[in-house]
Amino acid sequence: MNWAIPKFSYSERVAVLPLDGILARVVDLHFYGQIGSVEYDVRYFHEGREHKVRVFEDELSPASPEPVQP
């Protein structure tokens, strides 16, 4: 069995590409050994409501780091 190595980890901030790059946080990972793939459950907020979606790795990109407050 060939287990994939995830590109993103738990609680990492990501941009969800199919949702126009909306910022989200990884809340769960799902490994599929038969196909060597990882799916990610991510959580984001829109109009004050929490949403969760499951996406493939190629549908995510690293989020820009938040600016540090002086």
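Numbering of residues begins from 1 in every chain and follows the order in which that chain's sequence is written. The model is predicted, so local features are restricted to residues of pLDDT at least 70 and side-chain atom pairs to those at 80 or more, both for listing and for counting; the totals for chains, interfaces and linings are taken over all residues. For side-chain calculations, the full set of non-hydrogen atoms in the structure is used, while hydrogens and water are omitted.

## Quick notes on the pairing of strand S2 (residues 22-32)
Note the threshold: Two strands form a pair only when DSSP identifies at least two bridges running between them. By the criteria applied, helices consist of DSSP H or I runs no shorter than four residues and strands consist of E runs no shorter than two, each listed in order from the N terminus.
Bridge count between strand S1 (residues 13-16) and S2: four bridges; the pairing is antiparallel. Counterpart to alanine 15 in the pairing with S2 is leucine 23. The hairpin turn running from S1 into S2, its antiparallel successor, is five residues long, and aspartate 20 in that turn takes a positive phi close to 55 degrees. As paired elements, S2 and strand S3 (residues 37-46) share seven bridges and run antiparallel to each other. Bridge pairing in S3 places valine 26 opposite valine 42. The hairpin formed by S2 and S3 contains four residues between the paired strands, and glycine 36 there has a positive phi angle of roughly 60 degrees.

## So, the environment of arginine 13
Here arginine 13 shows up in strand S1. Spatially, the C-alpha atoms of arginine 13 and glycine 33 are 25 Å apart, while their sequence positions differ by 20 residues.

## Some remarks on the pairing of strand S4 (residues 49-56)
Two elements, S3 and S4, share eight bridges in a ladder whose sense is antiparallel. Each bridged residue has a counterpart across the sheet, and for glutamate 39 the counterpart in S4 is phenylalanine 56. Between the end of S3 and the start of S4, which pair antiparallel, lie two residues, with glutamate 47 showing a positive phi angle near 50 degrees.

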